[in-house]
Amino acid sequence: MPKLPGIGHLHAVRAFEKAGFRIIREGKHIVMSDGIRLITIPRHNPVNAYTMGGLVVDAGLTIEQFKALL
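Since the model is a prediction, treat every value here as computed from it, not as a measurement.

1. What about the nonpolar core?
1) Next: Within the largest apolar cluster, 20 residues are counted, with the highest numbers of intra-cluster contacts made by Phe16, Met32, Ile39, Ile41, Met52, Val56 and Phe66.
2) Next: Broken down by secondary-structure element, the contributors of at least two residues to this core are helix H1 (9-18), strand E2 (29-33), strand E3 (38-42), helix H2 (49-58) and helix H3 (63-69).
3) Next: Among the elements that take part in this core, H1 stands out by supplying 4 residues, more than any other.
4) Next: If we ignore the near neighbours within four places in the chain, the residues touching Met32 are Val13, Phe16, Glu17, Phe21, Arg22, Ile23, Ile24, Arg37, Leu38, Ile39 and Ile41.

2. Describing the side chain of His9
1) Next: For His9, the position within the fold is in helix H1.
2) Next: Taking relative accessible area as the criterion, His9 reaches 9% and is therefore assigned buried.
3) Next: Once residues lying within four places of it in the same chain are set aside, the contact partners of His9 are Ile30, Ile41, Pro42, Arg43, His44, Asn45 and Val47.

3. Considering the side chain of Ser33
1) Next: With respect to the element layout, Ser33 can be found in strand E2.
2) Next: Setting aside chain neighbours within four positions, we find Ser33 in contact with Gly20, Phe21, Arg22, Ile24 and Leu38.

4. Re the environment of Lys28
1) Next: Locating Lys28 in the fold gives a position in the loop between strand E1 (22-26) and E2.
2) Next: The exposed category is assigned to Lys28, whose relative accessible area is 74%.
3) Next: Here the alpha-carbon distance between Lys28 and Val56, two residues 28 residues apart in the chain, equals 19 Å.
4) Next: Filtering out sequence-adjacent residues up to four positions away, Lys28 remains in contact with Pro42 and Arg43.

Conventions used here
Residues numbered from 1 in each chain as written. Predicted model: local features only at pLDDT ≥ 70, side-chain atom pairs only at ≥ 80, totals over all residues. Heavy atoms only, no water. Core = buried A, V, L, I, M, F, W, Y, C linked by side-chain atoms within 4.5 Å. Buried < 20%, exposed > 50% of the residue type's maximum accessible area, 1.4 Å probe, protein only. Helix = DSSP H or I, 4+ residues; strand = E, 2+ residues; numbered from the N terminus. Contact = heavy atoms within 4.5 Å.

Here is the structure:
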């Protein structure tokens, strides 16, 4: 699993929004969808590096593509 350290949940949400994801639901976690995929971002600062890497892969992006969106 790729690692992506030091990213807060709000920065991650903004980057995923640039990638075409929209917020579906908010609570203890933020649920986002692009119409095909569904990802759940925990409200941690920073989000665990392994968790963040998994979210990027689940979103269908590479680490390099995600870093460009930050």
